Amino acid sequence: MSRSQETIDLLLTRRSVKPMNMAEPGPTPDEVETILRAGARVPDHGKLAPWRFILFRGDARRAFGEVLRERYRAVEPRAGDDLLAIEAGRFLRAPLVVAVVSRIVPSRKAPEWEQRLSAGASCQNMLVAATALGYACAWITEWYAYDEEIARALGLGESERVAGFLYFGSTSLPKDERERPVLAEITTEWKG
Ligand SMILES: Cc1cc2nc3c(=O)[nH]c(=O)nc-3n(C[C@H](O)[C@H](O)[C@H](O)COP(=O)(O)O)c2cc1C
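Residues numbered from 1 in each chain as written. Predicted model: local features only at pLDDT ≥ 70, side-chain atom pairs only at ≥ 80, totals over all residues. Heavy atoms only, no water.

**A closer look at the site of the ligand**
Stated precisely, the cut-off is as follows: Summary of the distance rule: residues count as near a molecule or strand when at least one heavy atom falls within 4 Å of that molecule or strand. Here a polar contact means two N or O atoms within 3.5 Å. Within protein one must be a hydrogen donor candidate and the other an acceptor candidate, and residues neighboring in sequence count only if both atoms are side-chain atoms. Using a 1.4 Å probe, the Shrake-Rupley method yields the accessible areas, and only the shown protein chains count as cover for residues. Three classes are used: nonpolar for Ala, Val, Leu, Ile, Met, Phe, Trp, Tyr, Cys and Pro, charged for Asp, Glu, Lys and Arg, and polar for all others, with Gly counted as polar.
Taken together, Arg-14, Arg-15, Ser-16, Trp-139, Ile-140, Thr-141, Glu-142, Ala-163, Arg-178 and Arg-180 are the residues near the ligand. Residue Trp-139 places a main-chain N or O atom 2.6 Å away from an oxygen atom belonging to the ligand. Coverage of the ligand by the protein chains reaches 60% of its 620 Å² of free accessible surface. Among the residues forming the shell around the ligand, the class breakdown is 3 nonpolar, 2 polar and 5 charged.

Next comes the structure, spelled out in structure tokens:
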């Protein structure tokens, strides 16, 4: 198969894998670098790099789970041990989690909207790169992407928001299909 056909196949068959279905191994350090470089090679009006990446691997995943557990306990005081254990284990579902942080850089050229979109492109590029390397991956947010205290724990600044938590690992589950939009329903020809 030609390389261009492989690329098209990858784009047309890519699937997310639920973090709960992920396991070791995760990407090697070299592969992580490749994935991050793909994430930093996205359309970026004005060359602002309006994104940054926070890596969670090894014990850091457990430590961050404690942050999630304590915050969840504060927000949901009636949560039992079972629910708190789910929070503590969130980042342990995959060998590597990358928080993609969207940040707004003052610019006369690129409005905030475009800078936020660029962060989305960064997430997607990383998923495509990880898929090409043979890894399972997913872009999720869950409640902790939108929580002020978690933002503080992540060290986010005023203009910064979580664009997504990208989970990377391996899976033994076969890829299933998911219904896709009918192109004709989302596509029109502009006729003036
Ligand atoms: C910004 C963003 C946030 C998402 N957050 C979640 C989430 O919290 N939980 C979830 O199950 N899926 C979430 N998704 C959807 C998954 O990433 C994925 O697209 C979906 O499971 C469909 O799989 P597919 O990528 O194979 O089409 C999110 C998608 C985007 C773009």
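**Quick notes on helix H5 (residues 112-132)**
Inclusion rule: Runs of H or I in DSSP of at least four residues are treated as helices and runs of E of at least two as strands, each being numbered from the N terminus. One less than the residue count of a helix, multiplied by 1.5 Å, gives the span that helix is expected to have. Think of it in three bands: with a 1.4 Å probe and only protein chains considered, a residue is buried below 20% of the maximum accessible area for its type, exposed above 50%, and partly exposed in between. Contact criterion: two residues are considered in contact whenever any of their non-hydrogen atoms come within 4.5 Å of each other.
Over its 21 residues, H5 extends 31 Å from the first C-alpha to the last, a length consistent with the 30 Å expected when each residue adds 1.5 Å. Those residues of H5 lying buried are Gln-115, Ser-118, Ala-119, Ser-122, Cys-123, Met-126, Leu-127, Val-128, Ala-129 and Ala-130. Tucked inside the fold, the buried residues of H5 contact helix H1 (3-13), helix H2 (29-39), strand S1 (51-57), strand S2 (96-102), strand S3 (136-140) and strand S4 (161-169). Two residues or fewer after H5 comes Gly-134, characterised by a positive phi angle close to 95 degrees.

**Examining a nonpolar patch on the surface**
Convention followed: Two distance rules govern patches: like charges are joined within 9 Å, and nonpolar side chains (Val, Leu, Ile, Met, Phe, Trp, Tyr) within 5 Å, applied only to residues with over 30% relative accessible area and no salt bridge. Take a side-chain nitrogen of Lys or Arg and a carboxyl oxygen of Asp or Glu: if they are within 4 Å of each other, that pair is a salt bridge.
The grouping of Ile-8, Leu-11 and Leu-12 at the surface amounts to a nonpolar patch, some 310 Å² of accessible area in total. Along the chain, Ile-8 falls in helix H1.

**Here we look at the pairing of S4**
Worth spelling out the cut-off: For two strands to be treated as a pair, DSSP must find no fewer than two bridges joining them.
Burial within S4 is extensive, with 8 of its 9 residues counted as buried. Bridge count between S2 and S4: 7 bridges; the pairing is antiparallel. Bridge assignment links Leu-96 to a residue of S4, and that residue is Phe-168. The sheet contact formed by S3 and S4 spans 5 bridges and is antiparallel. By the bridge assignment, Trp-139 is partnered in S4 with Leu-166.

**Side note on the nonpolar core**
Stated precisely, the cut-off is as follows: Only buried residues count toward a nonpolar core, which is a set of Ala, Val, Leu, Ile, Met, Phe, Trp, Tyr and Cys residues joined through side-chain atoms within 4.5 Å.
Judged by nonpolar contacts, the single largest core of 22 residues is most densely connected at Phe-56, Phe-91, Tyr-144, Leu-154, Phe-165 and Tyr-167. Listing elements by their share of this core, those giving two or more residues are S1, helix H3 (59-75), S2, S3, helix H6 (148-154) and S4. Leaving out residues up to four positions away in the same chain, Tyr-144 has contacts with Leu-68, Arg-90, Phe-91, Arg-93, Ile-150, Phe-165 and Tyr-167.

**Examining the pattern of salt bridges**
Between side chains of opposite charge, pairing is possible as soon as their charged atoms come close. Counting across every chain of the model gives 10 salt bridges. A salt bridge links Glu-70 to Arg-73; its shortest N-O distance comes to 3.0 Å. One end of the pair is Glu-70 and the other is Arg-73, both in helix H3 and 3 residues apart, which spans about a single turn. Through salt bridges with shared partners, a single network forms among Glu-87, Arg-90, Arg-93 and Glu-142.

**Focus: the sheet that holds S1**
Our working definition: Between N-to-C directions, angles span 0 to 180 degrees; the directions come from axes that are lines fitted to C-alpha atoms, helices contributing only their stretch in contact.
Reading across the sheet, the 4 strands line up as S1-S2-S4-S3 and stay open at both edges, with antiparallel pairing between neighbours. Lying at the two open borders of the sheet, with one neighbouring strand each, are S1 and S3. Across the sheet, the mean angle from the axis of one strand to that of its neighbour is 20 degrees, orientation sign disregarded. For S1 and S2, the ladder comprises 7 bridges, and the chain directions are antiparallel. When the sheet's bridge partners are listed, Ile-54 is paired in S2 with Ala-99. Here H2 sits on the sheet and contacts S1, S2 and S4; the angle it forms with S1, its principal contact strand, is near 155 degrees. Packed on one face of the sheet, H5 meets S1, S2, S3 and S4 and runs near 0 degrees to S4.

**Digging into the side chain of Glu-160**
By secondary structure assignment, the location of Glu-160 is in the loop between H6 and S4. Owing to a relative accessible area of 15%, Glu-160 belongs among the buried residues under this scheme. A distance of 2.7 Å separates polar atoms of two side chains, one belonging to Glu-160 and the other to Arg-52. Among the polar contacts listed, one links the side chain of Glu-160 to the backbone nitrogen of Gly-157, at a separation of 2.7 Å. Ignoring any residue separated from it by four or fewer positions in sequence, one finds Glu-160 in contact with Arg-52, Val-101, Ser-102, Arg-103 and Gly-155.

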